[in-house]
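Residue strings, one per chain:
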Amino acid sequence: MAAGVLDAGGAVPAAAYGGELTLSVLVTCLVAASGGLIFGYDIGISGLCSSPSLCIRVHAGLLGFFGGVSQMKPFLATFFPKVLMRMADAKRDQYCVFDSHALTAFTSSLYVAGLVASLAAGRVTRWLGRRGVMLMGGALFFAGGAMTGGAVNVAMLIVGRMLLGFGVGFTNQAAPLYLAEMAPPRFRGSLTVGFQFFLSLGILIANLTNYGTARVPWGWRLSLGLAGAPAVFIVVGAFFLTDTPSSFVMRGKVDRARAALLRVRGHRADVDAELKAIVHAVEAARGSEDVGAFRRLVTWREYRPHLTFALALPLCHQLSGMMVLTFFSPLVFRVAGFGSNAALMGAVILAGVKFASLILSTLVIDRYGRKVLVIAGAALMIVCQVANAWIMGAKSGKHGEVAMPRAYSVALLVLTCVQGAGFGMSWAPLIWVIPGEIFPVEVRSAGQAVSVSVTLGLTFVQTQTFLALLCRLKYATFAYYAGWVAAMTAFVLVFMPETKGVPLESMGAVWAGHWYWRRFVGGGDGKPEQRR
(Lines give C-alpha, C1' and ligand atoms only; values in the text may rest on other atoms or scores of the structure.)
Protein backbone atom coordinates (compact mmCIF):
# COMPACT_ATOMS: atom_id res chain seq x y z
CA MET A 1 0.00 0.00 0.00
CA ALA A 2 1.39 3.35 -0.91
CA ALA A 3 2.22 5.73 1.85
CA GLY A 4 0.22 8.51 0.26
CA VAL A 5 -3.49 8.49 0.98
CA LEU A 6 -6.33 10.94 0.53
CA ASP A 7 -8.00 13.05 3.14
CA ALA A 8 -10.03 16.23 3.03
CA GLY A 9 -7.13 18.18 1.72
CA GLY A 10 -5.75 15.86 -0.89
CA ALA A 11 -2.75 13.57 -0.86
CA VAL A 12 -1.23 13.25 2.58
CA PRO A 13 1.51 10.82 3.59
CA ALA A 14 0.74 8.54 6.49
CA ALA A 15 3.39 10.14 8.70
CA ALA A 16 2.46 13.76 7.90
CA TYR A 17 1.11 14.43 11.38
CA GLY A 18 4.48 13.64 12.92
CA GLY A 19 3.15 11.36 15.66
CA GLU A 20 5.93 9.40 17.33
CA LEU A 21 6.14 6.82 20.12
CA THR A 22 6.10 9.25 23.04
CA LEU A 23 6.18 8.02 26.61
CA SER A 24 2.64 9.34 27.06
CA VAL A 25 1.19 7.35 24.17
CA LEU A 26 3.02 4.21 25.31
CA VAL A 27 1.66 4.47 28.86
CA THR A 28 -1.80 5.36 27.61
CA CYS A 29 -1.97 2.42 25.22
CA LEU A 30 -0.46 0.08 27.80
CA VAL A 31 -3.23 0.86 30.29
CA ALA A 32 -5.95 0.58 27.65
CA ALA A 33 -4.54 -2.69 26.29
CA SER A 34 -4.65 -4.15 29.80
CA GLY A 35 -8.39 -4.45 29.21
CA GLY A 36 -7.47 -7.71 27.49
CA LEU A 37 -6.62 -9.12 30.94
CA ILE A 38 -10.32 -9.25 31.72
CA PHE A 39 -11.26 -11.46 28.79
CA GLY A 40 -8.11 -13.55 29.01
CA TYR A 41 -8.48 -14.26 32.73
CA ASP A 42 -12.08 -15.33 32.28
CA ILE A 43 -11.23 -17.64 29.38
CA GLY A 44 -8.50 -19.29 31.44
CA ILE A 45 -10.35 -19.44 34.75
CA SER A 46 -13.51 -21.08 33.42
CA GLY A 47 -11.99 -22.95 30.49
CA LEU A 48 -12.95 -23.05 26.83
CA CYS A 49 -13.35 -26.81 27.08
CA SER A 50 -17.09 -27.38 27.07
CA SER A 51 -16.87 -31.02 28.15
CA PRO A 52 -15.53 -31.63 31.65
CA SER A 53 -15.80 -35.36 31.18
CA LEU A 54 -13.44 -35.33 28.20
CA CYS A 55 -10.89 -33.06 29.85
CA ILE A 56 -10.84 -35.22 32.97
CA ARG A 57 -10.78 -38.47 31.01
CA VAL A 58 -7.83 -37.30 28.96
CA HIS A 59 -5.91 -36.63 32.16
CA ALA A 60 -6.78 -39.99 33.72
CA GLY A 61 -8.64 -38.37 36.60
CA LEU A 62 -6.35 -35.39 37.24
CA LEU A 63 -8.94 -32.78 38.17
CA GLY A 64 -8.22 -29.09 38.09
CA PHE A 65 -5.12 -28.97 35.89
CA PHE A 66 -6.81 -27.89 32.70
CA GLY A 67 -10.06 -26.32 31.59
CA GLY A 68 -10.58 -24.01 34.55
CA VAL A 69 -12.76 -24.30 37.64
CA SER A 70 -15.27 -26.39 35.68
CA GLN A 71 -12.75 -29.22 36.06
CA MET A 72 -12.28 -28.81 39.84
CA LYS A 73 -13.90 -31.61 41.83
CA PRO A 74 -15.06 -29.41 44.78
CA PHE A 75 -16.66 -26.98 42.32
CA LEU A 76 -18.49 -29.78 40.50
CA ALA A 77 -19.53 -31.43 43.78
CA THR A 78 -21.01 -28.13 44.99
CA PHE A 79 -22.96 -27.11 41.90
CA PHE A 80 -23.03 -30.06 39.47
CA PRO A 81 -22.92 -33.32 41.50
CA LYS A 82 -24.64 -35.31 38.74
CA VAL A 83 -21.71 -34.58 36.45
CA LEU A 84 -19.30 -36.39 38.76
CA MET A 85 -21.65 -39.36 38.98
CA ARG A 86 -22.01 -39.60 35.20
CA MET A 87 -18.27 -39.34 34.51
CA ALA A 88 -17.72 -42.87 35.75
CA ASP A 89 -19.94 -44.13 32.93
CA ALA A 90 -18.00 -42.39 30.14
CA LYS A 91 -17.41 -44.58 27.09
CA ARG A 92 -13.96 -45.55 25.93
CA ASP A 93 -14.26 -43.47 22.76
CA GLN A 94 -12.38 -40.33 23.75
CA TYR A 95 -13.96 -38.36 20.92
CA CYS A 96 -17.59 -38.98 21.95
CA VAL A 97 -17.85 -38.69 25.72
CA PHE A 98 -20.88 -36.74 26.97
CA ASP A 99 -21.04 -33.36 28.62
CA SER A 100 -23.41 -31.47 30.92
CA HIS A 101 -25.80 -28.90 29.47
CA ALA A 102 -25.99 -27.15 32.84
CA LEU A 103 -22.22 -26.85 33.00
CA THR A 104 -21.94 -25.60 29.44
CA ALA A 105 -24.61 -23.03 30.33
CA PHE A 106 -22.29 -21.81 33.09
CA THR A 107 -19.41 -21.55 30.62
CA SER A 108 -21.40 -20.15 27.70
CA SER A 109 -23.62 -17.64 29.52
CA LEU A 110 -20.74 -15.18 29.44
CA TYR A 111 -20.68 -15.13 25.66
CA VAL A 112 -24.42 -14.47 25.37
CA ALA A 113 -24.21 -11.62 27.89
CA GLY A 114 -21.10 -10.27 26.18
CA LEU A 115 -22.88 -10.31 22.83
CA VAL A 116 -25.73 -8.19 24.21
CA ALA A 117 -23.37 -5.82 26.03
CA SER A 118 -21.14 -5.26 23.01
CA LEU A 119 -24.15 -4.26 20.88
CA ALA A 120 -25.33 -1.86 23.59
CA ALA A 121 -21.80 -0.49 23.97
CA GLY A 122 -21.90 0.79 20.39
CA ARG A 123 -24.53 3.35 21.40
CA VAL A 124 -23.26 3.98 24.91
CA THR A 125 -19.79 4.80 23.58
CA ARG A 126 -21.17 7.82 21.72
CA TRP A 127 -22.46 9.24 25.01
CA LEU A 128 -19.73 8.30 27.47
CA GLY A 129 -16.69 7.97 25.20
CA ARG A 130 -14.26 5.08 24.93
CA ARG A 131 -12.78 5.67 28.38
CA GLY A 132 -16.20 5.76 30.06
CA VAL A 133 -17.21 2.42 28.56
CA MET A 134 -13.93 0.83 29.69
CA LEU A 135 -14.64 2.05 33.22
CA MET A 136 -18.14 0.60 33.06
CA GLY A 137 -16.83 -2.72 31.76
CA GLY A 138 -14.24 -2.99 34.52
CA ALA A 139 -16.83 -2.23 37.22
CA LEU A 140 -19.24 -4.87 35.88
CA PHE A 141 -16.47 -7.44 35.69
CA PHE A 142 -15.50 -6.73 39.30
CA ALA A 143 -19.11 -7.23 40.39
CA GLY A 144 -19.31 -10.49 38.44
CA GLY A 145 -16.11 -11.80 40.00
CA ALA A 146 -17.40 -11.03 43.49
CA MET A 147 -20.74 -12.76 42.83
CA THR A 148 -19.28 -15.92 41.27
CA GLY A 149 -16.63 -16.18 43.98
CA GLY A 150 -19.31 -16.02 46.67
CA ALA A 151 -21.98 -18.04 44.85
CA VAL A 152 -24.09 -20.46 46.90
CA ASN A 153 -26.29 -21.84 44.11
CA VAL A 154 -26.29 -22.29 40.34
CA ALA A 155 -28.55 -19.28 39.73
CA MET A 156 -26.15 -16.95 41.55
CA LEU A 157 -23.27 -18.51 39.67
CA ILE A 158 -24.84 -17.87 36.27
CA VAL A 159 -25.95 -14.32 37.16
CA GLY A 160 -22.39 -13.54 38.21
CA ARG A 161 -21.16 -15.11 35.02
CA MET A 162 -23.47 -12.86 33.02
CA LEU A 163 -22.13 -9.79 34.83
CA LEU A 164 -18.66 -10.93 33.78
CA GLY A 165 -20.00 -11.18 30.23
CA PHE A 166 -21.34 -7.64 30.34
CA GLY A 167 -17.93 -6.45 31.50
CA VAL A 168 -16.19 -8.36 28.72
CA GLY A 169 -18.61 -7.03 26.09
CA PHE A 170 -18.10 -3.39 27.07
CA THR A 171 -14.32 -3.67 27.43
CA ASN A 172 -13.78 -5.63 24.23
CA GLN A 173 -15.79 -3.05 22.31
CA ALA A 174 -14.10 0.06 23.71
CA ALA A 175 -10.45 -0.89 24.33
CA PRO A 176 -9.46 -1.81 20.72
CA LEU A 177 -11.16 1.35 19.44
CA TYR A 178 -9.34 3.40 22.06
CA LEU A 179 -6.00 1.92 20.99
CA ALA A 180 -6.68 2.45 17.27
CA GLU A 181 -7.68 6.09 17.77
CA MET A 182 -4.84 7.02 20.14
CA ALA A 183 -1.94 5.28 18.39
CA PRO A 184 0.08 7.13 15.71
CA PRO A 185 -0.74 5.65 12.26
CA ARG A 186 2.82 4.32 11.82
CA PHE A 187 2.60 2.25 15.00
CA ARG A 188 -1.12 1.55 15.22
CA GLY A 189 -0.84 -2.17 14.49
CA SER A 190 1.92 -2.82 17.02
CA LEU A 191 0.17 -0.90 19.79
CA THR A 192 -3.23 -2.50 19.14
CA VAL A 193 -1.63 -5.96 19.33
CA GLY A 194 -1.11 -5.09 23.00
CA PHE A 195 -4.72 -6.02 23.66
CA GLN A 196 -4.08 -9.59 22.52
CA PHE A 197 -0.80 -9.63 24.49
CA PHE A 198 -2.67 -8.90 27.73
CA LEU A 199 -5.41 -11.34 26.76
CA SER A 200 -2.81 -14.10 26.48
CA LEU A 201 -1.21 -12.98 29.73
CA GLY A 202 -4.61 -13.21 31.42
CA ILE A 203 -5.02 -16.79 30.22
CA LEU A 204 -1.60 -17.74 31.56
CA ILE A 205 -2.26 -16.11 34.95
CA ALA A 206 -5.60 -17.91 35.19
CA ASN A 207 -4.02 -21.29 34.37
CA LEU A 208 -1.38 -20.80 37.05
CA THR A 209 -4.05 -19.66 39.52
CA ASN A 210 -6.12 -22.76 38.86
CA TYR A 211 -3.06 -24.96 39.33
CA GLY A 212 -2.28 -23.33 42.67
CA THR A 213 -5.84 -23.52 44.01
CA ALA A 214 -6.90 -26.93 42.60
CA ARG A 215 -5.88 -28.85 45.73
CA VAL A 216 -7.77 -26.55 48.12
CA PRO A 217 -11.48 -27.38 48.71
CA TRP A 218 -12.48 -23.73 48.41
CA GLY A 219 -9.85 -22.97 45.75
CA TRP A 220 -12.49 -22.50 43.05
CA ARG A 221 -13.88 -19.54 45.00
CA LEU A 222 -10.46 -17.91 45.05
CA SER A 223 -9.98 -18.55 41.33
CA LEU A 224 -13.33 -16.98 40.46
CA GLY A 225 -13.06 -14.15 42.98
CA LEU A 226 -9.62 -13.10 41.76
CA ALA A 227 -11.31 -11.95 38.55
CA GLY A 228 -11.71 -8.69 40.44
CA ALA A 229 -7.93 -8.08 40.31
CA PRO A 230 -7.67 -7.34 36.55
CA ALA A 231 -10.94 -5.43 36.81
CA VAL A 232 -9.48 -3.15 39.48
CA PHE A 233 -6.36 -2.66 37.37
CA ILE A 234 -8.28 -1.46 34.31
CA VAL A 235 -10.69 0.72 36.36
CA VAL A 236 -7.92 2.46 38.29
CA GLY A 237 -5.79 2.83 35.18
CA ALA A 238 -8.65 4.26 33.12
CA PHE A 239 -9.18 7.03 35.68
CA PHE A 240 -5.79 8.45 34.67
CA LEU A 241 -6.40 8.22 30.92
CA THR A 242 -7.75 10.89 28.64
CA ASP A 243 -10.46 10.01 26.16
CA THR A 244 -9.65 9.79 22.45
CA PRO A 245 -9.65 12.92 20.26
CA SER A 246 -12.31 11.43 17.97
CA SER A 247 -14.57 10.73 20.93
CA PHE A 248 -14.14 14.29 22.23
CA VAL A 249 -14.93 15.81 18.83
CA MET A 250 -18.03 13.63 18.43
CA ARG A 251 -19.28 15.03 21.75
CA GLY A 252 -18.49 18.64 20.75
CA LYS A 253 -15.37 19.02 22.93
CA VAL A 254 -12.84 20.18 20.34
CA ASP A 255 -10.56 21.95 22.82
CA ARG A 256 -10.24 18.80 24.90
CA ALA A 257 -9.57 16.83 21.72
CA ARG A 258 -6.64 19.11 20.92
CA ALA A 259 -5.32 18.77 24.47
CA ALA A 260 -5.54 14.99 24.19
CA LEU A 261 -3.58 15.08 20.93
CA LEU A 262 -0.88 17.25 22.47
CA ARG A 263 -0.65 14.87 25.40
CA VAL A 264 -0.07 11.73 23.35
CA ARG A 265 1.63 13.11 20.20
CA GLY A 266 3.98 15.63 21.78
CA HIS A 267 4.49 19.31 21.00
CA ARG A 268 6.60 18.63 17.90
CA ALA A 269 3.73 16.87 16.11
CA ASP A 270 1.33 18.74 13.80
CA VAL A 271 -1.68 18.20 16.03
CA ASP A 272 -3.69 20.94 14.31
CA ALA A 273 -3.56 19.09 10.98
CA GLU A 274 -4.62 15.83 12.61
CA LEU A 275 -7.37 17.58 14.56
CA LYS A 276 -8.63 19.22 11.37
CA ALA A 277 -8.88 15.82 9.68
CA ILE A 278 -10.76 14.39 12.67
CA VAL A 279 -13.19 17.33 12.76
CA HIS A 280 -13.78 17.02 9.01
CA ALA A 281 -14.55 13.31 9.34
CA VAL A 282 -16.95 13.89 12.24
CA GLU A 283 -18.74 16.75 10.45
CA ALA A 284 -19.18 14.57 7.38
CA ALA A 285 -20.67 11.90 9.61
CA ARG A 286 -23.10 14.32 11.21
CA GLY A 287 -24.70 14.95 7.83
CA SER A 288 -26.57 11.68 8.22
CA GLU A 289 -27.17 11.54 11.97
CA ASP A 290 -30.89 11.23 11.42
CA VAL A 291 -30.28 7.55 10.68
CA GLY A 292 -28.81 5.36 13.42
CA ALA A 293 -25.28 4.00 13.01
CA PHE A 294 -26.38 0.37 13.16
CA ARG A 295 -29.07 0.96 10.55
CA ARG A 296 -26.61 2.72 8.27
CA LEU A 297 -24.05 -0.03 8.65
CA VAL A 298 -26.57 -2.73 7.80
CA THR A 299 -28.70 -1.08 5.12
CA TRP A 300 -26.59 1.54 3.31
CA ARG A 301 -24.68 0.45 0.24
CA GLU A 302 -21.64 2.60 1.11
CA TYR A 303 -20.98 0.47 4.19
CA ARG A 304 -21.25 -2.89 2.45
CA PRO A 305 -17.49 -3.59 2.67
CA HIS A 306 -17.39 -2.58 6.34
CA LEU A 307 -20.33 -4.81 7.23
CA THR A 308 -18.80 -7.68 5.27
CA PHE A 309 -15.60 -7.59 7.29
CA ALA A 310 -17.41 -6.99 10.58
CA LEU A 311 -18.92 -10.43 9.94
CA ALA A 312 -16.08 -12.16 8.07
CA LEU A 313 -13.17 -11.35 10.40
CA PRO A 314 -14.72 -13.04 13.46
CA LEU A 315 -15.55 -16.01 11.23
CA CYS A 316 -11.90 -16.22 10.17
CA HIS A 317 -10.85 -16.10 13.81
CA GLN A 318 -13.24 -18.80 14.97
CA LEU A 319 -12.70 -21.15 12.01
CA SER A 320 -8.92 -20.98 12.29
CA GLY A 321 -8.97 -24.07 14.49
CA MET A 322 -8.26 -22.40 17.81
CA MET A 323 -11.01 -24.47 19.43
CA VAL A 324 -9.55 -27.78 18.30
CA LEU A 325 -6.08 -26.59 19.35
CA THR A 326 -7.34 -25.79 22.85
CA PHE A 327 -9.39 -28.95 23.01
CA PHE A 328 -6.66 -31.39 21.99
CA SER A 329 -3.71 -29.76 23.75
CA PRO A 330 -4.01 -31.75 27.01
CA LEU A 331 -4.14 -35.04 25.09
CA VAL A 332 -1.18 -34.03 22.94
CA PHE A 333 1.04 -33.18 25.89
CA ARG A 334 -0.01 -36.25 27.86
CA VAL A 335 0.78 -38.75 25.11
CA ALA A 336 4.10 -36.95 24.58
CA GLY A 337 5.15 -38.11 28.04
CA PHE A 338 4.70 -35.07 30.30
CA GLY A 339 3.17 -37.24 33.04
CA SER A 340 0.96 -35.92 35.82
CA ASN A 341 1.73 -32.25 35.14
CA ALA A 342 0.77 -32.59 31.47
CA ALA A 343 -1.97 -29.97 31.50
CA LEU A 344 0.01 -27.32 33.31
CA MET A 345 3.06 -27.95 31.18
CA GLY A 346 0.92 -27.80 28.05
CA ALA A 347 -0.61 -24.51 29.12
CA VAL A 348 2.77 -22.99 29.93
CA ILE A 349 4.41 -24.17 26.70
CA LEU A 350 1.53 -23.01 24.51
CA ALA A 351 1.41 -19.67 26.33
CA GLY A 352 5.14 -19.24 25.78
CA VAL A 353 4.80 -20.04 22.09
CA LYS A 354 1.92 -17.60 21.70
CA PHE A 355 3.81 -14.86 23.51
CA ALA A 356 6.78 -15.35 21.21
CA SER A 357 4.56 -15.28 18.14
CA LEU A 358 2.86 -12.12 19.40
CA ILE A 359 6.24 -10.44 19.75
CA LEU A 360 7.00 -11.44 16.17
CA SER A 361 3.68 -10.07 14.93
CA THR A 362 4.33 -6.80 16.79
CA LEU A 363 7.61 -6.37 14.91
CA VAL A 364 6.14 -7.27 11.52
CA ILE A 365 2.63 -5.85 11.44
CA ASP A 366 3.56 -2.19 10.86
CA ARG A 367 6.60 -2.96 8.72
CA TYR A 368 5.18 -5.48 6.26
CA GLY A 369 1.45 -5.15 6.80
CA ARG A 370 -1.53 -7.22 7.93
CA LYS A 371 -1.67 -9.56 4.94
CA VAL A 372 1.83 -10.88 5.54
CA LEU A 373 0.68 -12.13 8.94
CA VAL A 374 -2.40 -13.73 7.40
CA ILE A 375 -0.32 -15.62 4.82
CA ALA A 376 2.39 -16.75 7.25
CA GLY A 377 -0.08 -17.81 9.92
CA ALA A 378 -2.29 -19.67 7.45
CA ALA A 379 0.65 -21.60 6.00
CA LEU A 380 1.74 -22.78 9.45
CA MET A 381 -1.77 -23.70 10.57
CA ILE A 382 -2.74 -25.61 7.41
CA VAL A 383 0.44 -27.70 7.33
CA CYS A 384 0.21 -28.53 11.04
CA GLN A 385 -3.51 -29.31 10.99
CA VAL A 386 -3.23 -31.67 8.03
CA ALA A 387 -0.21 -33.40 9.59
CA ASN A 388 -1.99 -33.71 12.95
CA ALA A 389 -5.04 -35.27 11.26
CA TRP A 390 -2.84 -37.90 9.61
CA ILE A 391 -0.90 -38.71 12.79
CA MET A 392 -4.00 -38.93 14.98
CA GLY A 393 -5.82 -41.10 12.45
CA ALA A 394 -2.96 -43.40 11.51
CA LYS A 395 -1.25 -43.84 14.88
CA SER A 396 -3.92 -43.57 17.62
CA GLY A 397 -6.79 -45.63 16.19
CA LYS A 398 -10.27 -44.68 15.08
CA HIS A 399 -11.43 -43.87 18.61
CA GLY A 400 -8.09 -42.71 20.03
CA GLU A 401 -7.68 -45.98 21.94
CA VAL A 402 -4.23 -47.00 20.61
CA ALA A 403 -1.08 -45.87 22.43
CA MET A 404 0.83 -43.60 20.09
CA PRO A 405 4.55 -44.34 19.40
CA ARG A 406 6.87 -41.93 21.15
CA ALA A 407 8.30 -40.41 17.97
CA TYR A 408 4.85 -39.56 16.63
CA SER A 409 3.68 -38.14 19.96
CA VAL A 410 6.67 -35.79 20.02
CA ALA A 411 5.92 -34.79 16.42
CA LEU A 412 2.31 -34.12 17.45
CA LEU A 413 3.53 -31.95 20.32
CA VAL A 414 5.80 -29.91 18.04
CA LEU A 415 3.08 -29.52 15.40
CA THR A 416 0.61 -28.34 18.05
CA CYS A 417 3.05 -25.68 19.23
CA VAL A 418 3.75 -24.52 15.67
CA GLN A 419 0.01 -24.38 14.99
CA GLY A 420 -0.36 -22.26 18.13
CA ALA A 421 2.38 -19.95 16.84
CA GLY A 422 0.59 -19.63 13.50
CA PHE A 423 -2.62 -18.63 15.23
CA GLY A 424 -0.80 -16.40 17.72
CA MET A 425 0.90 -14.39 14.98
CA SER A 426 -2.13 -14.03 12.71
CA TRP A 427 -5.78 -14.16 13.76
CA ALA A 428 -5.16 -13.87 17.49
CA PRO A 429 -4.01 -10.22 17.19
CA LEU A 430 -5.68 -9.34 13.88
CA ILE A 431 -9.20 -9.86 15.23
CA TRP A 432 -8.57 -6.83 17.46
CA VAL A 433 -6.37 -4.76 15.12
CA ILE A 434 -8.31 -4.73 11.84
CA PRO A 435 -11.87 -3.99 13.08
CA GLY A 436 -10.57 -1.05 15.08
CA GLU A 437 -9.18 0.68 11.99
CA ILE A 438 -11.39 -0.12 8.97
CA PHE A 439 -14.60 1.68 9.98
CA PRO A 440 -15.30 5.38 9.30
CA VAL A 441 -15.94 7.46 12.38
CA GLU A 442 -19.72 7.65 11.94
CA VAL A 443 -20.11 3.85 12.23
CA ARG A 444 -16.90 3.00 14.08
CA SER A 445 -18.55 2.19 17.40
CA ALA A 446 -21.34 0.26 15.70
CA GLY A 447 -18.91 -1.65 13.50
CA GLN A 448 -16.70 -2.63 16.42
CA ALA A 449 -19.80 -3.64 18.38
CA VAL A 450 -20.95 -5.91 15.56
CA SER A 451 -17.48 -7.45 15.23
CA VAL A 452 -17.18 -8.16 18.97
CA SER A 453 -20.74 -9.47 19.26
CA VAL A 454 -20.25 -11.81 16.30
CA THR A 455 -17.00 -13.05 17.85
CA LEU A 456 -18.70 -13.80 21.16
CA GLY A 457 -21.74 -15.29 19.43
CA LEU A 458 -19.60 -17.63 17.35
CA THR A 459 -17.63 -18.60 20.46
CA PHE A 460 -20.93 -19.54 22.10
CA VAL A 461 -21.93 -21.62 19.06
CA GLN A 462 -18.54 -23.33 18.98
CA THR A 463 -18.75 -24.11 22.68
CA GLN A 464 -22.19 -25.67 22.28
CA THR A 465 -21.56 -27.63 19.08
CA PHE A 466 -17.91 -28.60 19.08
CA LEU A 467 -18.44 -31.92 20.86
CA ALA A 468 -20.96 -33.07 18.25
CA LEU A 469 -18.55 -32.09 15.48
CA LEU A 470 -15.67 -33.86 17.21
CA CYS A 471 -17.73 -37.01 17.74
CA ARG A 472 -18.59 -37.25 14.06
CA LEU A 473 -15.32 -36.19 12.43
CA LYS A 474 -12.89 -37.42 15.11
CA TYR A 475 -9.27 -36.85 14.01
CA ALA A 476 -10.52 -35.41 10.69
CA THR A 477 -11.57 -32.35 12.70
CA PHE A 478 -8.05 -31.03 12.12
CA ALA A 479 -8.47 -31.34 8.33
CA TYR A 480 -11.92 -29.71 8.56
CA TYR A 481 -10.41 -26.59 10.10
CA ALA A 482 -7.49 -26.63 7.68
CA GLY A 483 -9.98 -26.38 4.81
CA TRP A 484 -11.64 -23.38 6.42
CA VAL A 485 -8.28 -21.67 7.00
CA ALA A 486 -7.44 -22.05 3.31
CA ALA A 487 -10.82 -20.71 2.18
CA MET A 488 -10.87 -17.75 4.57
CA THR A 489 -7.26 -16.82 3.78
CA ALA A 490 -8.05 -16.71 0.06
CA PHE A 491 -11.04 -14.47 0.81
CA VAL A 492 -8.97 -12.06 2.90
CA LEU A 493 -6.15 -11.82 0.37
CA VAL A 494 -8.56 -11.02 -2.46
CA PHE A 495 -11.03 -8.72 -0.74
CA MET A 496 -9.32 -7.09 2.25
CA PRO A 497 -7.30 -3.95 1.48
CA GLU A 498 -4.01 -3.33 3.27
CA THR A 499 -4.39 -0.75 6.04
CA LYS A 500 -0.76 -0.44 7.18
CA GLY A 501 0.18 3.13 8.08
CA VAL A 502 -3.07 4.73 6.89
CA PRO A 503 -4.55 7.43 9.15
CA LEU A 504 -8.04 6.51 10.31
CA GLU A 505 -9.52 9.66 8.82
CA SER A 506 -8.11 8.68 5.39
CA MET A 507 -9.31 5.08 5.38
CA GLY A 508 -12.11 5.91 2.93
CA ALA A 509 -9.52 6.30 0.18
CA VAL A 510 -8.34 2.72 0.77
CA TRP A 511 -11.80 1.33 0.10
CA ALA A 512 -12.31 3.68 -2.85
CA GLY A 513 -9.09 2.41 -4.43
CA HIS A 514 -9.89 -1.30 -4.04
CA TRP A 515 -10.74 -3.10 -7.31
CA TYR A 516 -14.00 -4.51 -5.94
CA TRP A 517 -15.19 -2.30 -3.07
CA ARG A 518 -14.87 0.98 -5.01
CA ARG A 519 -18.19 0.21 -6.66
CA PHE A 520 -19.88 0.57 -3.24
CA VAL A 521 -18.10 3.46 -1.49
CA GLY A 522 -18.17 7.16 -2.26
CA GLY A 523 -15.42 9.43 -3.45
CA GLY A 524 -12.79 8.35 -0.92
CA ASP A 525 -13.23 11.22 1.53
CA GLY A 526 -15.12 9.13 4.04
CA LYS A 527 -18.46 10.84 3.29
CA PRO A 528 -21.18 8.39 2.26
CA GLU A 529 -23.28 9.03 -0.80
CA GLN A 530 -26.39 8.12 1.23
CA ARG A 531 -27.66 5.52 -1.24
CA ARG A 532 -29.58 2.58 0.17
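Keep in mind it's a predicted model, so treat the numbers as computed, not measured.

Focus: the overall build of the protein
- Summing up its helical and strand segments, the protein has 24 helices and 2 strands in all.
- Partitioning the intrachain contacts of the protein with sequence separation of at least 6 by distance along the chain shows that 78% fall at a separation of at least 24.

Overview of the state of the cysteines
- Tallied over the entire structure, the rule returns 0 disulfides.
- The cysteine Cys-384 is free of any disulfide, with Cys-417 supplying the nearest cysteine sulfur at 9.6 Å.

Some details on the side chain of Ser-453
- With respect to the element layout, Ser-453 can be found in helix H22 (residues 444-473).
- The exposure class assigned to Ser-453 is buried, which follows from its relative accessible area of 5%.
- A distance of 2.9 Å separates a polar side-chain atom of Ser-453 from the backbone oxygen of Val-450.
- Discounting residues that sit within four places of it in the chain, Ser-453 has contacts with Leu-115, Ser-118 and Leu-119.

Considering helix H7 (residues 154-182)
- If you check H7, its first and last C-alpha atoms are 42 Å apart, about what 29 residues at 1.5 Å a residue would give, namely 42 Å.
- For H7, the tally of buried residues reaches 22 of 29 residues, placing the bulk of the element in the interior.
- Backbone nitrogen of Ala-155 and a side-chain oxygen of the N-cap are separated by 3.3 Å at the start of H7; the cap is Asn-153.

Side note on a nonpolar patch on the surface
- On the surface, a cluster of nonpolar side chains totalling about 530 Å² of accessible area is made up of Phe-142, Val-232, Val-236, Phe-239 and Phe-240.
- Sort the elements by how many residues they give to the nonpolar patch and helix H10 (residues 228-239) lands first, with 3 residues.
- Along the chain, Phe-239 turns up in helix H10.

Concerning the nonpolar core
- The biggest cluster of nonpolar side chains holds 89 residues, and the ones touching the most others in it are Phe-39, Leu-313 and Trp-427.
- Built from parts of two domains, this core gets at least three residues from each of domain 1 (18-241) and domain 2 (302-517).
- When near neighbours in sequence (up to four residues on either side) are disregarded, Trp-427 contacts Leu-313, Cys-316, His-317, Ser-320, Val-374, Met-381 and Val-492.

Remarks on the environment of Glu-274
- Mapped onto the elements, Glu-274 comes out in helix H13 (residues 271-286).
- As a C-alpha pair, Glu-274 and Arg-258 span 16 residues in sequence and 9.2 Å in three-dimensional space.

Topic: the confidence of the model for the protein
- When pLDDT is averaged across the protein, the result is 76; 75% of the residues are at 70 or more.
- Least confident of the elements in the protein is helix H3 (residues 52-58), whose mean pLDDT is 35; most confident is helix H23 (residues 477-495), at 92.
- With pLDDT under 50 throughout, residues 48-67 is counted as low confidence; its partners more than four residues away or in other chains account for 74 contacts.

Here's the deal with the pattern of salt bridges
- What the rule picks out here adds up to 8 salt bridges.
- For Arg-370, the salt bridge identified is with Asp-366, shortest N-O distance 3.2 Å. Residue Arg-370 shares its accessibility class with Asp-366, and that shared class is buried.
- In this structure, Arg-370 engages Glu-437 in a salt bridge whose closest nitrogen and oxygen atoms are separated by 3.0 Å. Taken together, the residues span a long stretch of sequence, with Arg-370 in helix H18 (residues 370-395) and Glu-437 in helix H21 (residues 435-438) at a distance of 67 residues. Like Arg-370, the residue Glu-437 is buried in the burial classification.
- One salt-bridge network, held together by shared partners, links Arg-188, Asp-366, Arg-370 and Glu-437.

Regarding the packing of aromatic side chains
- Under the defined criterion, the tally for this structure stands at 17 aromatic pairs.
- Here the aromatic rings of Trp-300 and Tyr-303 are separated by 6.2 Å at their centres, their planes lie at 20°, and the arrangement is stacked.
- You can call Trp-300 buried: its relative accessible area is 2%.
- The interplanar angle of 55° and the centroid separation of 6.1 Å between the aromatic rings of Trp-390 and Tyr-408 together place this pair among those described as tilted. Of this pair, Trp-390 sits in helix H18 while Tyr-408 sits in helix H19 (residues 406-425), placing them 18 residues apart in sequence.
- Through pairs of rings, three or more aromatic residues link up here, namely Phe-309, Phe-491, Phe-495, Trp-511, Trp-515, Tyr-516, Trp-517 and Phe-520.

About the criteria used
Residues numbered from 1 in each chain as written. Predicted model: local features only at pLDDT ≥ 70, side-chain atom pairs only at ≥ 80, totals over all residues. Heavy atoms only, no water. Helix = DSSP H or I, 4+ residues; strand = E, 2+ residues; numbered from the N terminus. Contact = heavy atoms within 4.5 Å. Disulfide = S-S within 2.5 Å. Buried < 20%, exposed > 50% of the residue type's maximum accessible area, 1.4 Å probe, protein only. Polar contact = N/O pair within 3.5 Å; in protein donor to acceptor, adjacent residues only side chain to side chain. Expected span 1.5 Å × (residues − 1). Patch = residues over 30% accessible without salt bridge, like charges linked within 9 Å, V, L, I, M, F, W, Y side chains within 5 Å. Areas by Shrake-Rupley, 256 points an atom, 1.4 Å probe, with all protein chains shown as cover. Salt bridge = Lys/Arg side-chain N within 4 Å of Asp/Glu carboxyl O. Core = buried A, V, L, I, M, F, W, Y, C linked by side-chain atoms within 4.5 Å. Domains from an automatic or database assignment. pLDDT = per-residue confidence, 0-100. Phe/Tyr/Trp six-rings, centres within 6.5 Å; stacked < 30°, edge-to-face > 60°.

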